[in-house]
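As a plain string of letters, each chain reads:
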Amino acid sequence: MNGEITFTIVKPSSISRNHLGPILTQITENGFKIIAIKMLHLSTYQASAFYSVHKGKFFFDDLIEYMTSGPVVVAMLEKDNAVDDFRKLIGATNPEKADNGTIRKLYGIDMQRNAVHGSDSDENALIECRFFFSDLEIFAD
Ligand code: ADP
Ligand code: MG
(Lines give C-alpha, C1' and ligand atoms only; values in the text may rest on other atoms or scores of the structure.)
(Ligands and ions follow the chains in the order given, each with its own letter.)
Protein backbone atom coordinates (compact mmCIF):
# COMPACT_ATOMS: atom_id res chain seq x y z
CA MET A 1 0.00 0.00 0.00
CA ASN A 2 3.04 2.28 0.35
CA GLY A 3 2.78 5.23 -2.04
CA GLU A 4 -0.85 4.52 -2.79
CA ILE A 5 -2.53 6.02 0.27
CA THR A 6 -3.06 9.52 1.55
CA PHE A 7 -5.29 11.15 4.12
CA THR A 8 -7.36 14.32 3.97
CA ILE A 9 -9.49 16.48 6.23
CA VAL A 10 -12.12 18.74 4.70
CA LYS A 11 -11.78 21.56 7.21
CA PRO A 12 -14.61 23.32 9.14
CA SER A 13 -14.83 26.39 6.88
CA SER A 14 -15.33 24.14 3.84
CA ILE A 15 -18.14 22.24 5.54
CA SER A 16 -19.90 25.39 6.83
CA ARG A 17 -19.70 27.02 3.37
CA ASN A 18 -21.18 23.88 1.74
CA HIS A 19 -18.07 23.03 -0.27
CA LEU A 20 -17.90 19.36 0.72
CA GLY A 21 -19.62 18.16 -2.47
CA PRO A 22 -17.47 20.09 -4.96
CA ILE A 23 -14.28 19.21 -3.06
CA LEU A 24 -15.05 15.47 -3.01
CA THR A 25 -15.99 15.65 -6.70
CA GLN A 26 -12.66 17.29 -7.53
CA ILE A 27 -10.83 14.64 -5.52
CA THR A 28 -12.55 11.69 -7.22
CA GLU A 29 -12.41 13.26 -10.70
CA ASN A 30 -8.64 13.46 -10.25
CA GLY A 31 -8.38 9.71 -9.82
CA PHE A 32 -8.50 9.28 -6.07
CA LYS A 33 -10.68 6.48 -4.69
CA ILE A 34 -12.32 7.08 -1.31
CA ILE A 35 -11.71 3.99 0.79
CA ALA A 36 -12.87 5.37 4.16
CA ILE A 37 -14.78 8.52 5.07
CA LYS A 38 -16.69 10.05 7.99
CA MET A 39 -17.88 13.34 9.44
CA LEU A 40 -16.99 14.25 13.01
CA HIS A 41 -16.56 17.24 15.28
CA LEU A 42 -13.01 17.16 16.68
CA SER A 43 -12.40 17.71 20.37
CA THR A 44 -9.54 19.96 21.48
CA TYR A 45 -7.71 16.84 22.61
CA GLN A 46 -8.09 15.13 19.22
CA ALA A 47 -7.11 18.20 17.19
CA SER A 48 -4.08 18.88 19.42
CA ALA A 49 -2.94 15.28 19.08
CA PHE A 50 -3.38 15.31 15.29
CA TYR A 51 -1.40 18.55 14.93
CA SER A 52 1.08 17.79 17.74
CA VAL A 53 4.04 18.35 15.36
CA HIS A 54 3.06 22.06 15.31
CA LYS A 55 2.84 22.44 19.10
CA GLY A 56 4.67 25.60 20.22
CA LYS A 57 4.33 27.39 16.87
CA PHE A 58 2.66 30.79 16.91
CA PHE A 59 -0.36 29.56 14.94
CA PHE A 60 -1.01 26.40 17.00
CA ASP A 61 -3.69 27.65 19.44
CA ASP A 62 -5.66 29.41 16.69
CA LEU A 63 -5.37 26.34 14.48
CA ILE A 64 -6.84 24.12 17.21
CA GLU A 65 -9.66 26.61 17.83
CA TYR A 66 -10.45 26.63 14.12
CA MET A 67 -10.27 22.86 13.66
CA THR A 68 -12.68 22.36 16.58
CA SER A 69 -15.08 25.16 15.51
CA GLY A 70 -17.39 22.85 13.57
CA PRO A 71 -17.61 19.45 11.90
CA VAL A 72 -14.95 18.15 9.53
CA VAL A 73 -14.89 15.25 7.09
CA VAL A 74 -11.90 12.91 7.24
CA ALA A 75 -11.09 10.50 4.42
CA MET A 76 -8.55 7.90 3.37
CA LEU A 77 -7.72 8.11 -0.33
CA GLU A 78 -6.10 5.65 -2.71
CA LYS A 79 -4.19 6.39 -5.92
CA ASP A 80 -0.75 5.74 -7.39
CA ASN A 81 1.66 8.31 -5.96
CA ALA A 82 -1.17 9.46 -3.67
CA VAL A 83 0.73 11.76 -1.29
CA ASP A 84 2.52 13.83 -3.94
CA ASP A 85 -0.41 13.91 -6.35
CA PHE A 86 -2.79 15.03 -3.61
CA ARG A 87 -0.45 17.79 -2.43
CA LYS A 88 -0.39 18.99 -6.05
CA LEU A 89 -4.18 18.87 -6.26
CA ILE A 90 -4.65 20.93 -3.07
CA GLY A 91 -1.89 23.47 -3.75
CA ALA A 92 0.27 25.56 -1.43
CA THR A 93 -0.54 26.04 2.27
CA ASN A 94 -1.33 29.71 1.58
CA PRO A 95 -4.36 29.79 -0.76
CA GLU A 96 -3.17 33.10 -2.23
CA LYS A 97 0.01 31.39 -3.40
CA ALA A 98 -1.68 28.17 -4.53
CA ASP A 99 -1.82 27.45 -8.28
CA ASN A 100 -5.02 28.25 -10.15
CA GLY A 101 -7.48 25.38 -10.11
CA THR A 102 -6.15 23.81 -6.92
CA ILE A 103 -8.56 23.07 -4.07
CA ARG A 104 -6.96 25.58 -1.74
CA LYS A 105 -7.01 28.29 -4.42
CA LEU A 106 -10.68 27.61 -5.16
CA TYR A 107 -12.00 27.09 -1.63
CA GLY A 108 -9.38 28.39 0.82
CA ILE A 109 -9.98 31.66 2.66
CA ASP A 110 -6.59 32.34 4.25
CA MET A 111 -3.45 30.60 5.51
CA GLN A 112 -5.35 29.00 8.41
CA ARG A 113 -8.70 28.29 6.74
CA ASN A 114 -7.12 26.67 3.68
CA ALA A 115 -9.99 24.29 2.89
CA VAL A 116 -8.31 20.90 3.29
CA HIS A 117 -5.48 18.95 4.91
CA GLY A 118 -3.21 16.61 2.96
CA SER A 119 -0.57 14.23 4.32
CA ASP A 120 3.05 15.22 3.67
CA SER A 121 4.65 11.73 3.46
CA ASP A 122 3.72 8.05 3.06
CA GLU A 123 4.67 7.46 6.68
CA ASN A 124 2.43 10.25 7.97
CA ALA A 125 -0.40 9.22 5.64
CA LEU A 126 -0.58 5.84 7.36
CA ILE A 127 -0.24 7.36 10.83
CA GLU A 128 -3.05 9.83 10.07
CA CYS A 129 -5.35 7.16 8.59
CA ARG A 130 -4.76 5.02 11.67
CA PHE A 131 -5.49 8.00 13.90
CA PHE A 132 -9.05 8.22 12.54
CA PHE A 133 -9.97 4.81 11.12
CA SER A 134 -10.01 1.28 12.47
CA ASP A 135 -9.51 -1.80 10.24
CA LEU A 136 -13.26 -2.29 10.22
CA GLU A 137 -13.85 1.13 8.65
CA ILE A 138 -11.42 0.70 5.75
CA PHE A 139 -13.01 -0.57 2.55
CA ALA A 140 -10.77 -3.04 0.72
CA ASP A 141 -11.88 -4.93 -2.36
P1 ADP B 1 0.10 22.04 5.28
O2 ADP B 1 -1.33 21.89 5.76
O3 ADP B 1 0.19 22.69 3.93
O4 ADP B 1 0.90 20.76 5.38
P5 ADP B 1 1.49 22.89 7.70
O6 ADP B 1 1.63 21.44 8.02
O7 ADP B 1 2.72 23.73 7.72
O8 ADP B 1 0.79 23.11 6.27
O9 ADP B 1 0.46 23.57 8.71
C10 ADP B 1 -0.69 22.87 9.16
C11 ADP B 1 -1.87 23.82 9.11
O12 ADP B 1 -1.66 24.88 10.05
C13 ADP B 1 -2.08 24.54 7.78
O14 ADP B 1 -2.79 23.76 6.84
C15 ADP B 1 -2.86 25.77 8.22
O16 ADP B 1 -4.24 25.46 8.47
C17 ADP B 1 -2.18 26.11 9.55
N18 ADP B 1 -1.07 27.05 9.37
C19 ADP B 1 0.19 26.77 8.92
N20 ADP B 1 0.96 27.87 8.89
C21 ADP B 1 0.17 28.89 9.32
C22 ADP B 1 0.37 30.30 9.49
N23 ADP B 1 1.53 30.87 9.21
N24 ADP B 1 -0.68 31.05 9.95
C25 ADP B 1 -1.87 30.47 10.23
N26 ADP B 1 -2.13 29.16 10.08
C27 ADP B 1 -1.12 28.36 9.62
MG1 MG C 1 1.42 19.62 7.03
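To be clear, the structure that these remarks concern was listed above.
On a predicted model such as this, the values are computed, not experimentally measured, just so you know.

1. So, the site of ligand 1
Around ligand 1 sit K11, Y51, H54, F58, F59, L63, R87, T93, R104, M111, Q112 and N114, and those are all the residues in its vicinity. Contact distances for ligand 1 include 2.9 Å between an oxygen atom and a side-chain N or O atom of K11. For ligand 1, whose accessible area on its own is 530 Å², the fraction buried by protein is 79%. The class makeup of the residues in the shell around ligand 1 is five nonpolar, four polar and three charged.

2. Considerations on the side chain of S48
Position of S48 relative to the elements: it lies in helix α3 (residues 44-50). Residue class for S48 comes out buried when judged on its relative accessible area of 14%. Excluding residues within four positions of it along the chain, S48 makes contact with F60 and I64.

3. A few points about the environment of E96
With respect to the element layout, E96 can be found in the loop between α5 (82-90) and α6 (103-107). A residue is classified by how much of its surface remains accessible, and E96, at 70% relative accessible area, is exposed. With 13 residues separating them in the primary sequence, E96 and I109 have C-alpha atoms 8.5 Å apart.

4. Focus on α5
At 3.6 residues per turn, the α-helix brings residues three or four places apart onto the same side. Buried within α5 are the following residues: A82, V83, D85, F86, L89 and I90. Among the structural elements, β1 (5-10), α2 (20-29), β3 (72-78), α6, β4 (116-118) and α7 (122-132) are those in contact with the buried residues of α5. Just downstream of α5, G91 is the residue with a positive phi angle, here 90 degrees.

5. Considerations on the packing of aromatic side chains
Enumeration according to the criterion identifies eight aromatic pairs in this entry. Note on F50 and F132: the rings are 5.6 Å apart at their centroids and 50 degrees apart in plane angle, and the pair reads as tilted. Of this pair, F50 sits in helix α3 while F132 sits in helix α7, and the two are 82 residues apart along the sequence. A single burial state applies to F50 and to F132, both of which are buried. Above the face of the F32 ring, K79 is positioned so that its terminal group lies 5.6 Å from the ring centre.

6. A few points about the pairing of β1
Burial runs high along β1: six of the six residues are buried. Alternating positions in β1 separate into two faces, I5, F7 and I9 on one and T6, T8 and V10 on the other, with burial throughout. Sheet topology places β1 next to β3; six bridges connect them, and they run antiparallel. Paired with T8 across the two strands is A75, which belongs to β3. Relative to β4, β1 runs antiparallel, the two being bridged by three bridges. Residue I9 lies in a different strand from β4, and its bridge partner there is H117.

7. Brief notes about the nonpolar core
Generally speaking, a soluble globular protein has its nonpolar side chains buried in company with each other. Membership of the largest hydrophobic core comes to 22 residues, with the highest contact counts inside it found for F7, I9, M67, V74, M76, F132 and F133. At the level of secondary structure, the elements contributing two or more residues to this core comprise β1, β2 (33-40), α3, α4 (60-67), β3 and α7. Here the element with the most residues in this core is α4; it accounts for five residues. Those residues within four positions of I9 in sequence are excluded, and the remaining contacts are F50, M67, V72, V73, V74, A115, V116, H117 and F132. Formed by 17 residues, the second largest nonpolar core is a distinct cluster that contains V10, I27, I103 and V116.

Basis of the calculations
Residues numbered from 1 in each chain as written. Chains lettered and ligands numbered in written order. Predicted model: local features only at pLDDT ≥ 70, side-chain atom pairs only at ≥ 80, totals over all residues. Heavy atoms only, no water. Near = heavy atom within 4 Å. Polar contact = N/O pair within 3.5 Å; in protein donor to acceptor, adjacent residues only side chain to side chain. Areas by Shrake-Rupley, 256 points an atom, 1.4 Å probe, with all protein chains shown as cover. Nonpolar A, V, L, I, M, F, W, Y, C, P; charged D, E, K, R; others polar. Helix = DSSP H or I, 4+ residues; strand = E, 2+ residues; numbered from the N terminus. Buried < 20%, exposed > 50% of the residue type's maximum accessible area, 1.4 Å probe, protein only. Contact = heavy atoms within 4.5 Å. Phe/Tyr/Trp six-rings, centres within 6.5 Å; stacked < 30°, edge-to-face > 60°. Lys NZ or Arg CZ within 6 Å of the ring centre and 35° of its normal. Pairing = 2+ DSSP bridges. Core = buried A, V, L, I, M, F, W, Y, C linked by side-chain atoms within 4.5 Å.

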